[in-house]
Amino acid sequence: MITFEGVTKTFADGTKGVDNLSLTINSGEFFVLIGPSGCGKTTTMKMINRLIDPTEGVIKIDDDRVQDVNINKLRWNIGYVLQQIALFPNMTIAENIAVVPEMMKWKKTEIQSRVDELLNMVGLKPEQFRDRMPNELSGGQQQRIGVARALAWNPNIILMDEPFSALDPISREQLQEDIRNLQKEIKKTIVFVTHDMDEALHLGEKICMMRDGAAVQIGTPEELLTNPKDEFVQQFIGSRALKKGKTSSENKIRSFINKSSSYLRPEIDELDEQLQFTTKPDGSLNQTYFQSVHRTDVQAVSGDYTAKDAYTTLQKLEIPAIPVVEDEMIIGTISYEDLARMAAEGSVASK
Ligand SMILES: Nc1ncnc2c1ncn2[C@@H]1O[C@H](COP(=O)(O)OP(=O)(O)O)[C@@H](O)[C@H]1O
Ligand SMILES: [Mg+2]
């Protein structure tokens, strides 16, 4: 657990980077700091591993104040991934990943197997990548190496400062998906900085919305979406806000269903026996008979669901999209993206 108690950082020129910030990050939590440029996200993060020291207040990891912990010991407990990770250009990928384990004097064989394990973990084939040089990797692949390097010696806490913001949208989405799955698997405490609300909503278990060095609202993605605390949060969430408990027809997911979704395949494959699945020549989905809609273990929602209920279902099942069933037919799927689009169009329409 990481706690900030009344933490302020005033820089030498008088700028308040962080202003009386209090928050709690639970162990194993994916915690996102979000806010506009200059609101203090990086400063907050750097105070955790003491790249910056606070002027006032206390930061603790579990029961230890970070000021009191030996700085090497502190940093060895914390991995750090930056926006533009700097790999050493003259070292191979394996050597780049192994920098800290080498410093810690791990055995050669131990290091080798850890490097391969990490490359697999971040989705790169060890035999293909371990001996390459950094300039032989794409931006997305280099960023994956940055993640592998931060995990190398198995620290309990990973700090990630806008790690994906320099990437193209496809690499970015892939890495988001991977880091989300990875975190579920390895259960590290991840503090993740972004200025991108979609990224925050997708990844965060807890989101801290910052402004002028202070926390404006801390909560789950659902809490922020359904109950933004003030106008600032509302603006940042913008079109994504889900109207709460509305039953009007524009709040039903029915008209926002994706009818030619690639998301549907895995669901279909899983439910093979119960489905008759055909596509039209253009690849879109034909009405599909769904025999077992009344079974309770089938993962599907109805077109009558509200955006909020569909959102909650996706969160609960931890899947990116879900089949939508009407009259015992699968008529398409609904995903986070569809819900965001729905919220956007809904708010435009209501203005
Ligand atoms: N070394 C510094 N000296 C003076 N001001 C700084 C320094 N570092 C950051 N700041 C200021 O502190 C505020 C917060 O910065 P930062 O934490 O980097 O914001 P963010 O990461 O949210 O964009 C900004 O106004 C920034 O200009
Ligand atoms: Mg920053």
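Residues numbered from 1 in each chain as written. Chains lettered and ligands numbered in written order. Predicted model: local features only at pLDDT ≥ 70, side-chain atom pairs only at ≥ 80, totals over all residues. Heavy atoms only, no water.

A. Quick peek at the sheet that holds strand β4 (residues 56-61). The 4 strands lie next to each other as β2-β1-β4-β5, forming an open sheet whose pairing is antiparallel. The open sheet has two edge strands, β2 (16-25) and β5 (64-65), and neither has a second partner. By the bridge criterion, 2 bridges tie β4 to β5 in an arrangement that is antiparallel. When the bridges of β5 are listed, I61 appears paired with D64. (Pairing = 2+ DSSP bridges. Helix = DSSP H or I, 4+ residues; strand = E, 2+ residues; numbered from the N terminus.)

B. Spatial organisation of the site of ligand 1. The full set of residues close to ligand 1 is F11, D13, T15, G17, P36, S37, G38, C39, G40, K41, T42 and T43. Taking G38, its main chain carries an N or O atom lying 2.7 Å from an oxygen atom of ligand 1. If ligand 1 stood free it would expose 560 Å²; the protein chains cover 61% of that surface. Examining the composition of the shell around ligand 1, we find that 3 residues originate from one element, helix α1 (residues 41-48), more than from any other. Of the residues that constitute the shell around ligand 1, the class distribution is 3 nonpolar, 7 polar and 2 charged. (Near = heavy atom within 4 Å. Polar contact = N/O pair within 3.5 Å; in protein donor to acceptor, adjacent residues only side chain to side chain. Areas by Shrake-Rupley, 256 points an atom, 1.4 Å probe, with all protein chains shown as cover. Nonpolar A, V, L, I, M, F, W, Y, C, P; charged D, E, K, R; others polar.)

C. Geometry of the packing of helix α5 (residues 108-121) against helix α7 (residues 139-151). Taken N-terminus to C-terminus, the directions of α5 and α7 make an angle of 135°; their axes are 9 Å apart at the nearest point. Comparing their axes, α7 and α5 come out oblique. α5 and α7 meet at a crossing whose hand is right-handed. Note on element contacts: α7 touches α5 through I145, A148 and L151, opposite R114, L118, L119 and M121. In terms of residue class, the contact of α5 with α7 is made up of 6 nonpolar, no polar and 1 charged. (Axes fitted to C-alpha atoms, helices over the stretch in contact; angles between N-to-C directions. Parallel < 35°, antiparallel > 145°, perpendicular 65-115°, else oblique. Left-handed = near helix turned anticlockwise from the far one by under 90°. Contact = heavy atoms within 4.5 Å.)

D. Highlighting the confidence of the model for the protein chain. Looking at the protein chain as a whole, its pLDDT mean stands at 82, while 82% of the residues score no less than 70. Confidence, read as mean pLDDT per element, is least for strand β11 (residues 275-276) in the protein chain (40) and greatest for strand β1 (residues 2-10) (98). In this model, residues 244-248 is a region of pLDDT below 50 whose contacts with residues beyond four sequence positions or in other chains number 6 contacts. The model gives residues 265-280 a pLDDT under 50, and that stretch makes 29 contacts with residues more than four places away or in other chains. (pLDDT = per-residue confidence, 0-100.)

E. Geometry of the sheet that holds strand β3 (residues 30-34). One open sheet accounts for 6 strands, arranged β6-β7-β8-β3-β9-β10; its pairing is mixed. In this open sheet, the two edge strands, each paired with only one partner strand, are β6 (78-81) and β10 (214-219). Here the strands of the sheet are splayed against their neighbours by 15° on average, with no regard to which way each runs. Here α7 sits on the sheet and contacts β6 and β7 (157-161); the angle it forms with β6, its principal contact strand, is near 170°.

F. Fine view of the packing of aromatic side chains. This structure, assessed with the given rule, holds 4 aromatic pairs. For the pair F30 and F192, a centre-to-centre distance of 5.6 Å together with 45° between the ring planes defines the contact as tilted. Of this pair, F30 sits in strand β3 while F192 sits in strand β8 (residues 189-194); the two residues are 162 residues apart in sequence, bridging distant segments of the chain. Side by side, F30 and F192 carry an identical accessibility label, which is buried. Here the aromatic rings of Y311 and Y336 are separated by 5.7 Å at their centres, their planes lie at 75°, and the arrangement is edge-to-face. In this pair, Y311 sits in helix α13 (residues 307-317) while Y336 sits in helix α14 (residues 336-349), placing the two residues 25 residues apart along the sequence. Accessibility classification places Y311 together with Y336 in one group, the buried group. One residue, R132, lies across the ring of F129, its end atom 4.5 Å from the ring centre. When the ring centre of F232 is taken as origin, the NZ or CZ atom of R211, which lies over that ring, is 4.5 Å away. (Phe/Tyr/Trp six-rings, centres within 6.5 Å; stacked < 30°, edge-to-face > 60°. Buried < 20%, exposed > 50% of the residue type's maximum accessible area, 1.4 Å probe, protein only. Lys NZ or Arg CZ within 6 Å of the ring centre and 35° of its normal.)

G. Focus on the pattern of salt bridges. Inspection of every chain in the model, using the stated rule, returns 12 salt bridges. Among the ionic pairs, R144 bridges to D178, the shortest N-O distance being 2.6 Å. Highlighted residues: R144 in helix α7 and D178 in helix α8 (residues 169-186), separated in sequence by 34 residues. Measuring nitrogen to oxygen at the nearest pair gives 3.4 Å for the salt bridge that ties R172 to E199. Of this pair, R172 sits in helix α8 while E199 sits in helix α9 (residues 197-203), and the two are 27 residues apart along the sequence. Take E199: its relative accessible area is 1%, and that puts it in the buried class. Residues joined in a network through salt bridges with shared partners are R172, D196 and E199. (Salt bridge = Lys/Arg side-chain N within 4 Å of Asp/Glu carboxyl O.)

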